[in-house]
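Residue-level structural notes
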Amino acid sequence: MNEIMNSIFFNFINPYLSFIDSGKIYRQPFSLLYAVLAALNILFPLYVFYLAVDNNIFDAGAKFIIVFLLSWLIIAFAGWVGFQIWWDRKSRVSQVITDHDSFMATPVFSHFIQTAGEWMGTWIAIVGFGVALLTTFVLGDEARFFIRATGLGFLGTGFLSIFLMPVYGFLVIVGSRCLAELFRAVAAIANNTRRSV
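As the structure is a prediction and not an experimental result, all values here were calculated from the model.

What counts and how
Residues numbered from 1 in each chain as written. Predicted model: local features only at pLDDT ≥ 70, side-chain atom pairs only at ≥ 80, totals over all residues. Heavy atoms only, no water. Helix = DSSP H or I, 4+ residues; strand = E, 2+ residues; numbered from the N terminus. Buried < 20%, exposed > 50% of the residue type's maximum accessible area, 1.4 Å probe, protein only. Contact = heavy atoms within 4.5 Å. Core = buried A, V, L, I, M, F, W, Y, C linked by side-chain atoms within 4.5 Å. Expected span 1.5 Å × (residues − 1). pLDDT = per-residue confidence, 0-100. Salt bridge = Lys/Arg side-chain N within 4 Å of Asp/Glu carboxyl O.

**Here's the deal with the overall build of the protein chain**
Of the regular secondary structure elements, the protein chain holds eight helices and zero strands. Taken across its 197 residues, the protein chain has 35% of its residues classed as buried.

**A word on the side chain of serine 161**
Examined against the element boundaries, serine 161 turns out to sit in helix H8 (residues 159-196). Under the relative-accessibility criterion, serine 161 is labelled buried at 12%. When sequence neighbours within four positions are dropped, the list of residues in contact with serine 161 reads Ala132, Gly156 and Pro166.

**Some points on the nonpolar core**
If you look at the biggest cluster of nonpolar residues, it comprises 19 residues, and the most contacted ones within it are Phe68, Val127, Leu139, Phe146 and Leu155. Among the secondary structure elements, those contributing two or more residues to this core are helix H4 (24-54), helix H5 (62-92), helix H6 (105-139) and helix H7 (143-149). The greatest single-element share of this core, amounting to six residues, is contributed by H5. Counting eight residues, the second-largest nonpolar core is a separate cluster that includes Tyr34, Ala38, Phe83 and Val93.

**Let's talk about H6**
Given a rise of 1.5 Å per residue, 35 residues ought to cover 51 Å, and the 48 Å separating the end C-alpha atoms of H6 matches this to within 8%. Downstream of H6 by a residue or two, glycine 140 has a phi angle that is positive, lying close to 65°.

**Things to note about the confidence of the model for the protein chain**
Taken as a whole, the protein chain shows an average pLDDT of 80; of its residues, 75% reach a score of 70 or greater. Within the protein chain, the lowest mean pLDDT, 55, falls on helix H1 (residues 2-5), and the highest, 90, falls on H5.

**Regarding the pattern of salt bridges**
Inspection of every chain in the model, using the stated rule, returns four salt bridges. A salt bridge links arginine 177 to glutamate 118; the nearest nitrogen and oxygen atoms lie 3.6 Å apart. Here arginine 177, found in helix H8, pairs with glutamate 118, found in helix H6; they are 59 residues apart in sequence, far enough to count as distant. With a relative accessible area of 11%, glutamate 118 lands in the buried category. Glutamate 181 is the partner of arginine 177 in a salt bridge, and the nearest nitrogen-oxygen pair spans 3.1 Å. Remark: glutamate 181 and arginine 177 occur in helix H8; sequence separation between them is four residues, near one turn of the helix. Looking at arginine 177, the relative accessible area reads 35%, which means it is partly exposed. Owing to a relative accessible area of 42%, glutamate 181 belongs among the partly exposed residues under this scheme.

In structure tokens, the structure reads:
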């Protein structure tokens, strides 16, 4: 009976289960996801440029064109910063867990939450502040038209936005980090408790 149970018919899935148990099934896809998100950060400014051209931004007045080009440089800079955040964290996600940990998915997912928050908060602070500052001081009341025409309708304009966007960015970074640390703490306690038993 043991020979039958140890045959390839009953055990052909063992390499797959070993792959899951080693944690590679969590680390490798997330590392690939981080690389894709890094690439999207480089491509997003091109998409914004396409939207602006599609909405005939270059048919608007000179001040709209200048504000758009300066705003686009801010977005491109934020895209480069975002690329670096995701690319740096891509190499670190594989170090979050070891082969001996029993709880592997939670630390990897919490690392993703932390990284997404770092990226989003940084992007909101840079782009939100920069675009709000430019549009408020150069375009004034026409800022809302510009924001809609460039596809950045989720950004605010006005003096309140100049102040609030960096605060929102900071709160996103802190909130995501706190949430990620809570998940990691639970996983660390569970892993340590299992090892000590």
